[in-house]
Amino acid sequence: MQPKNKYQMSVLVNKDSKIIVQGFTGSEGTFHAGQMIEYGTNVVGGVTPGKGGQTHLDKPVFNTVAEAVEKVGADTTIIFVPPAFAADAIMEAAEAGIKVIITITEGIPIADMTKVAAYISNKECRLIGPNCPGVITPGEAKVGIMPGFVFKEGKVGIVSKSGTLTYEAADQVVKQGLGITTAIGIGGDPIIGTTTKEAVELLINDPATECVVMIGEIGGQLEADAAKWYKASGSKKPVVGFIAGETAPAGRTMGHAGAIVGGADDTAEAKKAIMRECGIHVVNSPAEIGKKVAEVMA
């Protein structure tokens, strides 16, 4: 998504994004859409099959995503559809030509997400999530469930598997007198649309982002892949990293479905070692994120 002018820099979402809400009239969709609208996000409507033609929160309701694309030019969607139907909602959005698909739903079956991954692989769209807090570009668009007041505009990008740690990192960065370009909550499920590496790459390539905070957790190779890409990229932008789950016993799922230590490389210590080798400034506690960001940006 190219910025329209030199003052408007962001990745994924900005004030010009035309956002719809799938699952718009349900309780979750209603509450969070209301919060997004109050924040100033450009919500242009929503989708609830069978309720097309109605209005909800003073916005039009459509039966299908294709109709929303045709009638209001939607290019971004946020999905609050129950787990059993969420995969279909993602594929419907991709089929309709939506470019950014942010999926909040938790508990989508892995078999369903396998189908989604195959289906969207040849579509021109980017899936964020599922089981994620969404994406926020402070002062422009909040497409998710994060507390908007925590985020202030600035020059630090955040990539995180954890919702609460996203807010914690943002709060610390802001308290250091710095702010956020875009925060991307990628989700903690075993199969997600946008990986840590892809999200870090978006922010490293964003002209407005001068530092990236990368928050990962035990399990899988996503953070190691991101660290290796960062080293190979030769980027001079500093990256501050934290890995949650240091005390987790091997073989037990902790919190997120994807947070399970399989082999020796999945542990917090192993990931931190790889990150340090690749030039990332690793902190051992989330309480140190803000200070470390201020230090590397000084």
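Here, the structure is the one placed above.
Everything quoted here is computed from the prediction, not taken from an experiment. (Residues numbered from 1 in each chain as written. Predicted model: local features only at pLDDT ≥ 70, side-chain atom pairs only at ≥ 80, totals over all residues. Heavy atoms only, no water.)

Undergrad: Quick question: what am I supposed to make of the packing of helix 5 (residues 163-175) against helix 9 (residues 289-297) here?
TA: For any two helices packed against each other, the geometry comes down to the angle between their axes and how far apart the axes lie. The contact between helix 5 and helix 9 brings their axes to 8 Å, and the two run at 50°. Classed by the angle they form, the pair helix 5 and helix 9 counts as oblique. As for how helix 5 packs across helix 9, the hand of that crossing is right-handed. Residues Ala169, Gln172 and Val173 of helix 5 lie in contact with helix 9, whose contacting residues are Ile289, Gly290 and Val293. Across the contact of helix 5 with helix 9, the residue classes tally to four nonpolar, two polar and no charged. (Axes fitted to C-alpha atoms, helices over the stretch in contact; angles between N-to-C directions. Helix = DSSP H or I, 4+ residues; strand = E, 2+ residues; numbered from the N terminus. Parallel < 35°, antiparallel > 145°, perpendicular 65-115°, else oblique. Left-handed = near helix turned anticlockwise from the far one by under 90°. Contact = heavy atoms within 4.5 Å. Nonpolar A, V, L, I, M, F, W, Y, C, P; charged D, E, K, R; others polar.)

Undergrad: Before we go on, may I ask you to explain the packing of helix 3 (residues 83-95) against helix 4 (residues 110-120) in this structure?
TA: Packing of helix 3 against helix 4 brings their axes to within 10 Å, and their N-to-C directions diverge by 5°. Classified by the angle between their axes, helix 3 and helix 4 sit roughly parallel to one another. Of the residues in helix 4, those touching helix 3 at Pro83, Ala84, Ala87, Ile90, Met91, Ala94 and Glu95 are Asp112, Met113, Lys115, Val116, Tyr119 and Ile120.

Undergrad: So what exactly am I meant to see when it comes to the packing of aromatic side chains here?
TA: The relative placement of two aromatic rings is captured by the distance of their centres and the angle of their planes. Under the defined criterion, the tally for this structure stands at zero aromatic pairs. Above the face of the tyrosine 119 ring, lysine 123 is positioned so that its terminal group lies 4.4 Å from the ring centre. (Phe/Tyr/Trp six-rings, centres within 6.5 Å; stacked < 30°, edge-to-face > 60°. Lys NZ or Arg CZ within 6 Å of the ring centre and 35° of its normal.)

Undergrad: What exactly am I supposed to notice about the environment of glutamate 210 here?
TA: Checked against the element boundaries, glutamate 210 lands in the loop between helix 6 (196-204) and strand 12 (211-217). Between the C-alpha atoms of glutamate 210 and threonine 181, which are 29 residues apart in sequence, the distance is 9.0 Å. In this view, glutamate 210 contacts Lys155, Lys237, Pro238 and Met297; residues no more than four positions away in its chain are not counted.

Undergrad: Teacher, can you tell me more about the pattern of salt bridges here?
TA: Close approach of charged atoms allows side chains with opposite charge to pair. One pass over the full model with this rule turns up 11 salt bridges. Notably, a salt bridge pairs glutamate 223 with lysine 161, separated by 3.0 Å at the nearest N-O pair. Separated by 62 residues along the polypeptide, glutamate 223 in helix 7 (residues 222-233) and lysine 161 in the loop between strand 10 (153-160) and helix 5 bring together distant segments of the chain. Connected through salt bridges with shared partners, the residues Lys161, Glu223 and Lys271 form a single ionic network. (Salt bridge = Lys/Arg side-chain N within 4 Å of Asp/Glu carboxyl O.)

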